[in-house]
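# Summary of the model geometry
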Amino acid sequence: MKSLIGRKMGMTEVFAKDGTMYPVTVIEVLPNLILAKKTKEKDGYEALQIGYEELPERLANKPSLGLFKKANASPKRFLRELKGDEIYGKNIGETIDASIFQAGDVVDVIGTTKGHGYSGTIKKYGAHIGPKAHGSGYHRQIGSLANNGRCNNRVIPGKRMSGHWGNTQATIENVTVIETNAEKNYILVKGGIPGAKYSIVMVRSAILAQFRKPEVKELVDLTPAAPLPEEKVEEKGE
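Figured I'd write up the structure that's included with this text. (Residues numbered from 1 in each chain as written. Predicted model: local features only at pLDDT ≥ 70, side-chain atom pairs only at ≥ 80, totals over all residues. Heavy atoms only, no water.)

## Some thoughts on the sheet that holds strand β3 (residues 32-38)
In any sheet, the strands associate via hydrogen bonds between backbone groups, in a parallel or an antiparallel arrangement. How we decide: Two strands qualify as a pair provided DSSP detects at least 2 bridges between them. Helix and strand definitions here come from DSSP, where helices need a minimum of 4 consecutive H or I residues and strands a minimum of 2 consecutive E residues; each element is numbered from the N-terminal end.
Taken together, 4 strands build an open sheet; the order of strands is β5-β4-β3-β6 and the sheet is antiparallel. Pairing within the sheet leaves two strands with one partner each, and these edge strands are β5 (76-82) and β6 (95-96). Pairing of strand β4 (residues 47-54) with β5, which is carried by 6 bridges, proceeds in the antiparallel orientation. Of the residues in β5, the one forming a bridge with tyrosine 52 is phenylalanine 78.

Structure below.
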């Protein structure tokens, strides 16, 4: 198992050489710098503490500055813990980049869903709206709270009611990696993933067993082989 963190940049589409179109989400993966190692003897579990994205030193607090100084690293904006036997062998000061995944790998993506604030049942769960006539006193209320004929003087737990919607951790499983590029620091995964644009997400090896590896066709390389010639502007004489 292996994992890393990155930043969701948005969605686009890429094409294979045979014309197949893949809708993809672009994940920016800057080098994940290893700052510390958690061990079973000292911490009770094994994990790597990594830092992501540069942070001006004036914005870092003193406890975190001590951690960065101990690892001989510059301050980082995000601190996370990553687990995985395939990456635990790395040492403090080394980095994890997009090259640990390859096209065709199946991964899980963990992110924080978009926050919608306090929402009613119609918006949150898609409940039916009431009659729209002016004589109706019921339009967007929650509706019946009956307990299916039972009289137990309470609302059954799990009843869908209004409340906070979103801004919770969500995991989308079995996502196919379409392309990785360690030089340009990005990973393309098929389809959408949780979270708003520019939010931090974690990419890890799929937990559920995969019986076959998805086929990912070779993509079209749109990088120009040579710089385009500059257009010559003819000067007009007076």
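Next comes the rest of the description.
## What about unusual backbone geometry?
A positive phi angle is found at asparagine 72, which is not glycine, with a value near 55°. Relative to the assigned elements, asparagine 72 resides in the loop between α1 (62-70) and β5. Even without being glycine, asparagine 167 reaches a positive phi, approximately 60°. For asparagine 167, the position within the fold is in the loop between β9 (163-165) and β10 (169-181).

## Details of the sheet that holds strand β2 (residues 21-28)
Quick note on the threshold: Convention adopted: a line fitted to C-alpha atoms gives each axis, helices being fitted over their contacting stretch, and angles between N-to-C directions are expressed from 0 to 180 degrees.
Taking strand neighbours around the barrel as the criterion, the 6 strands line up as β1-β2-β11-β10-β7-β12 in a closed arrangement whose pairing is antiparallel. Shown here is a sheet whose adjacent strand axes are inclined to one another by a mean of 50°, direction ignored.

The values are spatial; any link to function lies outside them.
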